Amino acid sequence: MTAIALAGLVHVYPEGTRALDGVDLEIPAGQRLAIIGQNGSGKTTLVRHLNGLLRPTEGRVLLDGRDIRSLRVAHLARQVGLVFQNPDRQIFAGRVRAEVAFGPRNMGVRGAELDRVVGDALTAVGLAGQADTNPYDLGYSRRKLLALASILAMRTPVVVLDEPTTGQDARGVARVQAIVAALTAEGRTVIAISHDMEFVAEQFPRVVVMRDGRIVDDGPPGAVFAPERVGLLASTGLVPPPAARIGARLGLGATPTEHALLAALRTHRR
Amino acid sequence: MSEADVAFLQRLAPPTPSSYHRLNPFTKALAAVAESIAAFVIGGYVGPLAIFGLAVLPAAAMAGVLRRLVRVSVVLTLPIAISVVLISVFTRAGSTVLFTVGPFDATVEGVDFAGQVLVRLITLSTAIGLFGLTTEPRAFVFDLERRGLSPQLAFAATATLEAIPAMLERAKVIQAAQRARGLDTEGRIADRLRGVLPLVGPVVLSSLTEVEERTLALEVRAFGRRGRRHLLWTMPEATWEAPLRWVLLAVLVVIVAARLTGAWPAIP
Ligand SMILES: Nc1ncnc2c1ncn2[C@@H]1O[C@H](COP(=O)(O)OP(=O)(O)O)[C@@H](O)[C@H]1O
Ligand SMILES: [Mg+2]
């Protein structure tokens, strides 16, 4: 399993944007963590450092205590699977099956074992019937699920999802939730960037809030979405999930999830 | 004209560069071709070096691209130059042996031959490089179309030229996606070469899709109709450029004829 640590991470893009401005973050192996923040706050830039696609301008990225500076992306890909925000920047094969098989094949998986991991990944995202389809004949939400499947098939200890629920209907979101739960059950680390506060509050025990290339808050949903911190959250252009807003209006304290809200209502009535 | 059109026209004739940039593309193309052919048919050292030193270099200095030109042509010709030199120095038969490396003798004749090829190569690559560095490819194609090149051919040429940056960008994106899934393209040369293969299919595929879309977009605007069409833009061309081109062409014809007939003796 893989523990992640970022120390003093700064990233300046060639044309001068300072997308990360000193990020310190530790993620123990097996944790499930959500990163939230406005568009342009540096979330994507941050996660692209985890597999070496971007390299720090300053600071370090450590996997299991080891600086990854000198490790190649292809090597890091065995530990950190990154599902890109935009599936069209990830998908390149002419067939769904080939797309999903690409990663595990590079990791040396062959034959019946390869068929099995590809089949499992496609089943998990509900694309098992589309194995021979051209990815570009799938709609956007399904291409996003295909991009997810192509990372799942690599069975990496860390899985990073960049806005996995964007463009998904309720069924798609439910699929993503089930996948996240299954990954955690296997002890794997899941890091998800999301704008879907409900998804974040329901599924992630730890939430990291970013603003202008820095981490401005970090804690369980109950704390990050608590009424006392609404101002901080608003400064990042975000609003808490509906359940938290209702709880705050009713003076029930921190109720990040529907479940917490109902429980608080019950206690309150008594 | 819309804002986009204005920006487009400005891109065709950028305001900053020199008067050499502002020459008509066809004139610059003809100069590059004439210089290259002349260097080859004259041969020896003096001829090609004179063309290089008296025509190409001053023009490049005037255009302000001297340093870039040197860099570009060195990068482009170095692999060819090295192999030509090695092969001709060591494999050309000759009577006077200069030095020996293993089983190979380097002869005076071999070194001389390599030297002659080298000066021609330098003149050729800088002449063509200068054209490339000072000419917007699409302006060249437009100008040819104005001179009667078929619009279909002009379109094919422009589409190819315009597809190149998009293709390079697409290749970069795909390569990042493939590396992120464990394809090693950063290691030894062998790894890098192996990493190119999985790129080719997807890049070509997506470029074809793009060209197809563009063709459709043109079809619906009656691109296929017959007859002349108007260009909404006039190519820069000074009045003396056409005569200059004829002079260039005439000089070239004379040189080629003189060399072929042996009327002009070989100069060292
Ligand atoms: N490839 C890039 N080149 C230059 N600037 C970029 C690039 N990618 C992102 N940026 C800039 O870096 C900042 C952070 O972007 P990003 O990490 O994509 O944010 P987020 O994922 O939180 O929306 C933004 O200002 C964005 O414009
Ligand atoms: Mg992003």
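Residues numbered from 1 in each chain as written. Chains lettered and ligands numbered in written order. Predicted model: local features only at pLDDT ≥ 70, side-chain atom pairs only at ≥ 80, totals over all residues. Heavy atoms only, no water.

Caption draft 1: Structural context of the domain arrangement of chain B. On domain assignment, one finds that chain B holds domain 1 (18-135 + 238-268) and domain 2 (148-226). For domain 1 of chain B versus domain 2 of chain B, the separation of C-alpha centres amounts to 32 Å. (Domains from an automatic or database assignment.)

Caption draft 2: Layout of the confidence of the model for chain B. Residue and element names in this part refer to chain B. Per-residue confidence for chain B gives a mean pLDDT of 82, with 87% of residues at or over 70. Looking at the elements of chain B, mean pLDDT is at its lowest for helix α1 (residues 3-12), recorded as 67, and at its highest for helix α3 (residues 46-63), recorded as 93. Quick note on the complex model: pTM equals 0.73, ipTM equals 0.89. (pLDDT = per-residue confidence, 0-100. Helix = DSSP H or I, 4+ residues; strand = E, 2+ residues; numbered from the N terminus.)

Caption draft 3: Here's a closer look at the site of ligand 1. All names here are of chain A. The immediate surroundings of ligand 1 are formed by Tyr-13, Glu-15, Thr-17, Ala-19, Gln-38, Asn-39, Gly-40, Ser-41, Gly-42, Lys-43, Thr-44 and Thr-45. Here an oxygen atom of ligand 1 sits 2.7 Å away from a polar atom, N or O, in the side chain of Thr-44. Thr-45 has a polar side-chain atom sitting 2.4 Å from an oxygen atom of ligand 1. Among the elements that take part in the shell around ligand 1, helix α1 (residues 43-47) stands out by supplying three residues, more than any other. Its residues assigned to classes, the shell around ligand 1 shows two nonpolar, eight polar and two charged. (Near = heavy atom within 4 Å. Polar contact = N/O pair within 3.5 Å; in protein donor to acceptor, adjacent residues only side chain to side chain. Nonpolar A, V, L, I, M, F, W, Y, C, P; charged D, E, K, R; others polar.)

Caption draft 4: View of the sheet that holds strand β4 (residues 58-63) of chain A. Residues and elements named next belong to chain A. Strand order in the open sheet formed by four strands is β2-β1-β4-β5, and the pairing between neighbours is antiparallel. Looking at the sheet topology across the chains shown, the edges are occupied by β2 (18-27) and β5 (66-67). Summarising the sheet, strand β1 (residues 4-12) and β4 pair through five bridges and their orientation is antiparallel. Its bridge partner lying in β4, Leu-6 is registered against Val-61. (Pairing = 2+ DSSP bridges.)

Caption draft 5: Representation of helix α5 (residues 140-152) of chain A within the structure. Residues and elements named next belong to chain A. Between its terminal C-alpha atoms α5 stretches 19 Å, which fits the 18 Å expected from 13 residues at 1.5 Å a residue. Here α5 lies mainly inside the structure; 10 of its 13 residues are buried. The set of residues buried in α5 consists of Arg-143, Lys-144, Leu-145, Leu-146, Ala-147, Leu-148, Ala-149, Ser-150, Ile-151 and Leu-152. The secondary structure elements touched by the buried residues of α5 are β6 (80-83), α3 (96-106), α4 (111-125), β7 (158-162) and α6 (170-185). (Expected span 1.5 Å × (residues − 1). Buried < 20%, exposed > 50% of the residue type's maximum accessible area, 1.4 Å probe, protein only. Contact = heavy atoms within 4.5 Å.)

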